[in-house]
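# Reading the structure
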Amino acid sequence: VVSDCGQYMAAEHCYHSHNVMVPLVLFLAAALALWVYFQTHRPKNFPPGPPPIPVLGNLLELHLENPIADLERLAKRYGNVYSILLGTRRAVVINGVGALKEALVNKSADFSDRREDLFVRRAAHPKAHAPGVVLSPYSPGWKEHRRFILATLRNFGLGKQSMEQRILAETHRVVKLLQQSDGKPVDPQSIFHHTSSNIICQILFAKQFDSEDEFMKFFTSFFRETSKIINGPWGMLYDSIPSVRYLPLPFNKAFHLFKMSHERYLEKFIENKKTRVPGKPRHFIDAYLDELEKKKRGNTESLLSEDQLRAVLLDLHFAGTDTTANTVLSGLLYLMKYPHVQELCQQEIDRVLQDKPEVSLEDRVQMPYVQAAIHEIQRTANTVPLSVFHCTTRDTDLLGYSIPKDERIIPNLSSVLNEKGQWKRPDEFYPDNFLNENGEFVKPEAFMPFSTGPRVCLGEGLARMELFIILVTLLRRFRFIWPEDAGEPDLTPVFGVTQTPKPYRLRAQIRSSLK
Ligand code: HEM
């Protein structure tokens, strides 16, 4: 009886649980299907793109170590405006000069925002009220800072001879180092990071740091390392799958390094305050504090603050170091790989400068070939391949597609710099891409390494001055040679927010005309 009853009870229990389980499973399956639908669904008339899979989206379509070739492949399949799902996060990728100009210039008010939830923003500027300038929303605070920075760069010498003198002084330090190497192979990486860091540091702190200085050593390696993490696989993972953010994964290193960088700036800041004389600005920090006090005194509405100042210092130091240094490094690599281009540059430099002790920016107009070579270096170096991600400020449309507010926008600058139809030879290192039939320098509209529109690189003027003065001064004095024992030069870049060439060594031989 007991056993019958037990069996009966068990059967009844089983029947009841079965009754409960079936709807529960159906409910969970429906909830999962809905979740997957909403995670992977593209809104009506949204740019097309590859079909996503749950959780990963289209991540399997991309080589996270370097997605540029994959992004190009997708543009061939879906057109110049398409969308991808990075994990559960949508992004619109804009390719080609036409689409990019339409978005960033013609519809700039709709396409110039930045998202607050990006990994780089959270790591670099965790304080919401102090977003710096590079990652700041498209807002009155951004406008006020951008205007102030541009004016201050001008006041501290940009566009004037004083800036040229500072760049020349730094370049002479490089000349000395290369002379000391006596034609033996040297690793140029830290030399050029140190140079461009020191140029921007002269504006920010009125200081040039020794290569052994702790501050300098920390920042040059910090920029190199965090740039790789931000656009590398770990940064992408953080931005794509929010649930991984709390795990102890390698992106945490970037948070740690950025925190250390803030502490270093704070030390500099406190040190500086001790010697500051209000109204007598020696550098960017003093000028900012003067402006902040002026606005406070006049009760003018302003978003300047000490926290913002420290965020802006990091932005300018970072943006001003890694970009220019990596472009110069790519340039020397290309000039060693293509020695005939190097020689043509040297012939033009010798002819124009003759006995003039130093080059100056105004010599540019007489050097069309050098200008073309430097622009071609920038085009092929493709230093900031995916720009800084933008975001839409409102519901908008682009070339017939509807794009909602707050949508991530990836301006694929890489696609423009080697776009078929825009260049004579897009796939080669060919300075003639920038020369017309009369040998005059011309700049096609697809030359966009600094991006375009209201968020165009704020340091473009400084960067162009640096590239010209550094490269001309060095090419005038040295012949750069690829070391015999180093195999063939490898031009494949290492992907990051800023791309770098693979580490290499060079030989700098003093040119026979100078011996
Ligand atoms: C070869 C050197 C450089 C390249 C290729 C480069 C490229 C870029 C690019 C592609 C952007 C993103 C623009 C956008 O969001 O549409 C940018 C932004 C920016 N760059 Fe540069 N840059 C270089 C040098 C510099 C230098 C020397 C400075 C320092 C003064 C600087 C400061 C900035 C700042 C502050 C922004 C943010 C602008 C904003 O959001 O309003 N850059 N740069």
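Conventions we followed
Residues numbered from 1 in each chain as written. Predicted model: local features only at pLDDT ≥ 70, side-chain atom pairs only at ≥ 80, totals over all residues. Heavy atoms only, no water. UniProt positions renumbered as here; feature names shortened; annotations may be inferred. Axes fitted to C-alpha atoms, helices over the stretch in contact; angles between N-to-C directions. Helix = DSSP H or I, 4+ residues; strand = E, 2+ residues; numbered from the N terminus. Parallel < 35°, antiparallel > 145°, perpendicular 65-115°, else oblique. Left-handed = near helix turned anticlockwise from the far one by under 90°. Contact = heavy atoms within 4.5 Å. Nonpolar A, V, L, I, M, F, W, Y, C, P; charged D, E, K, R; others polar. Polar contact = N/O pair within 3.5 Å; in protein donor to acceptor, adjacent residues only side chain to side chain.

With an unreviewed UniProt entry as reference, the protein is termed Cytochrome P450, family 2, subfamily X, polypeptide 9, source organism Tetraodon nigroviridis. Within the UniProt record for the protein, the comment given under Cofactor (unreviewed entry) is "heme". Check the Subcellular location (unreviewed entry) section of the UniProt entry for the protein; it says "Membrane".

One way to put it is that helix α9 (residues 214-231) packs onto helix α11 (residues 251-275) with a least axis distance of 10 Å and a crossing angle of 150 degrees. The orientation of α9 relative to α11 falls into the category roughly antiparallel. Seen along the crossing, α9 lies across α11 with a hand that is left-handed. Contacts between α9 and α11 involve Glu214, Phe215, Phe218, Phe219, Phe222, Glu225, Thr226, Ile229 and Ile230 from the former and Phe251, Lys253, Ala254, Leu257, Phe258, Met260, Ser261, Arg264, Tyr265 and Lys268 from the latter.

Here we come to the packing of α9 against helix α13 (residues 306-337). Two elements in contact, α9 and α13, have axes whose closest approach is 10 Å; the angle formed by their N-to-C orientations is 75 degrees. With respect to their mutual orientation, α9 and α13 come out roughly perpendicular. Within the contact between the two elements, α9 uses Phe215, Phe219, Phe222, Phe223, Arg224, Thr226 and Ser227 and α13 uses Leu314, His317, Phe318, Thr321 and Asp322. In terms of residue class, the contact of α9 with α13 is built from six nonpolar, four polar and two charged.

Right, let's get into the environment of arginine 115. With respect to the helices and strands, the residue arginine 115 is situated in the loop between α4 (108-111) and α5 (119-124). Taking the C-alpha atoms as reference points, arginine 115 and proline 137, 22 residues apart in sequence, are found 7.1 Å from one another. Other than its neighbours up to four places away in sequence, arginine 115 contacts Arg121, Cys391, Asp406 and Arg408. Within the structure, the side chain of arginine 115 is placed 2.8 Å from the side chain of aspartate 117, a separation counted as a polar contact. A polar atom in the side chain of arginine 115 sits 2.4 Å from the backbone oxygen of aspartate 406.

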